[in-house]
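Analysis of the macromolecular model
Here's the letter readout for the chains.
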Amino acid sequence: GALGAAGANSGGSGGAGGNTTFGAILTANGGSGGAGTGSAPAAAANLAGGAGGTASGTGAFTLTRQSGGDGYVVSNASVALAISGAGGSNPLGLGGASRALIGGPNAAAGKVGTGNGGGGGGAVNMNTTTSVVGGAGTVGTIIVVEFSQG
């Protein structure tokens, strides 16, 4: 598999990491891309991180993953804070970190996941007309262990 691509256009979600296969027996899916954001409305926009990769097939052991995190907005007359969702992690890969903005107007693209099967972080946009992409997910992984009696 391959690392996911950045969003297809400005404001698009990050691409999912590529799937890794072991014949028709096992598939390790890459992490999902984080959500992107187009031009912001009058209020701040926060988008969730992508989920970590999953596995399917007849393997004896599969690792579970986290879902992507939620984004948050706090805004009142004296403070404005926006935090994007982090990408989902698993034991082999970390999700892209969340992004935080204080004050405004400002926007930040999502962070790419790291390792294997990490989800991309979500983008964040605080009262701007800037479009930013979500972070890309990372490739899935299969580990084959062969035991031999000698």
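Keep in mind that what you see is a predicted model, and the values were worked out from it rather than measured. The residue numbers shown here count from 1 along each chain, following its written sequence. Local features in this predicted model are restricted to residues whose pLDDT is 70 or higher, and side-chain atom pairs enter the listing and the counts only when it is 80 or higher, whereas totals over whole chains, interfaces and linings include all residues. Only hydrogens and water are set aside when side-chain values are computed; all heavy atoms of the structure are taken into account.

Our focus in this paragraph is the overall build of the protein chain. Only DSSP runs of H or I covering at least 4 residues are called helices, and only runs of E covering at least 2 are called strands; the numbering of each starts at the N terminus. Within the protein chain, the regular secondary structure consists of zero helices and eleven strands. Counting from the amino terminus, helix and strand elements in the protein chain follow one another as β-β-β-β-β-β-β-β-β-β-β. Any residue under 20% of the maximum accessible area for its type is buried, any over 50% is exposed, and the rest in between are partly exposed; the area is computed with a 1.4 Å probe on protein chains only. Burial statistics for the protein chain: of 150 residues in total, 39% are counted as buried. For this analysis, residues touch if any pair of their heavy atoms sits within 4.5 Å. Long-range contacts, defined here as pairs at least 24 residues apart, represent 53% of the contacts in the protein chain between residues at least 6 apart. Carbon and sulfur atoms form 55% of the exposed surface of the protein chain, whose accessible area is close to 7700 Å². A 1.4 Å probe and the Shrake-Rupley method give the accessible areas. Residues count as covered only by the protein chains that appear here.

Read across the sheet, three strands follow the order β1-β2-β4 without closing on themselves; strand pairing throughout is antiparallel. The two strands at the open ends of the sheet, each matched to only one other strand, are β1 (20-22) and β4 (55-57). Direction aside, the axes of adjacent strands within the sheet are offset by 10° on average. Two strands qualify as a pair provided that DSSP identifies no fewer than 2 bridges between them. Here an axis means a line fitted to C-alpha atoms, over the contact stretch when the element is a helix, while the angle between two N-to-C directions is reported on a 0 to 180 degree scale.

Here we come to the sheet that holds strand β5 (residues 72-75). What the three strands build is an open sheet, ordered β5-β6-β8; its pairing is antiparallel. Two strands bound the open sheet, and with one partner strand each, they are β5 and β8 (100-102). Averaged over all pairs of adjacent strands, the angle between their axes in this sheet comes to 5°, without regard to strand direction. Inspection of the sheet shows β5 paired to strand β6 (residues 80-83) by four bridges, in the antiparallel sense. In the strand pairing of β6, valine 73 is matched with alanine 82.

This part takes up the confidence of the model for the protein chain. Confidence scores labelled pLDDT are given residue by residue by the predictor and lie between 0 and 100. Looking at the protein chain as a whole, its pLDDT mean stands at 77, while 79% of the residues score no less than 70. The secondary structure element of the protein chain with the lowest average pLDDT is strand β3 (residues 45-46), at 54, and the one with the highest is strand β7 (residues 93-94), at 88.

Once that is clear, we can look at the pairing of β6. Here β6 shows one buried face, formed by Ala80 and Ala82, and one open face, formed by Leu81 and Ile83. Relative to β8, β6 is paired through three bridges, and the arrangement is antiparallel. Across the sheet, the residue bridging to leucine 81 is isoleucine 102, located in β8.

Let us look at a nonpolar patch on the surface. Residues forming no salt bridge and having over 30% relative accessible area are the ones grouped into patches, like charges within 9 Å of each other and nonpolar side chains (Val, Leu, Ile, Met, Phe, Trp, Tyr) within 5 Å. We count a salt bridge whenever a side-chain nitrogen from Lys or Arg sits within 4 Å of a carboxyl oxygen from Asp or Glu. On the surface, a cluster of nonpolar side chains totalling about 540 Å² of accessible area is made up of Leu63, Leu92, Ile143, Val145 and Phe147. Here leucine 63 is to be found in the loop between β4 and β5.

Within the element layout of this structure, serine 84 appears in the loop between β6 and β7. By relative accessible area, which is 1% here, serine 84 ends up buried. Polar contact criterion, stated in full: a pair of N or O atoms within 3.5 Å, where within protein one must be able to donate a hydrogen and the other to accept it, and residues adjacent in sequence count only if both atoms are side-chain atoms. Of note is the side chain of serine 84, whose polar atom sits 2.8 Å from the backbone oxygen of glycine 122.

On to the environment of glycine 18, then. Mapped onto the fold, glycine 18 is located in the segment before β1. Taking the C-alpha atoms as reference, glycine 18 lies 9.0 Å from glycine 117; in sequence the two are 99 residues apart.

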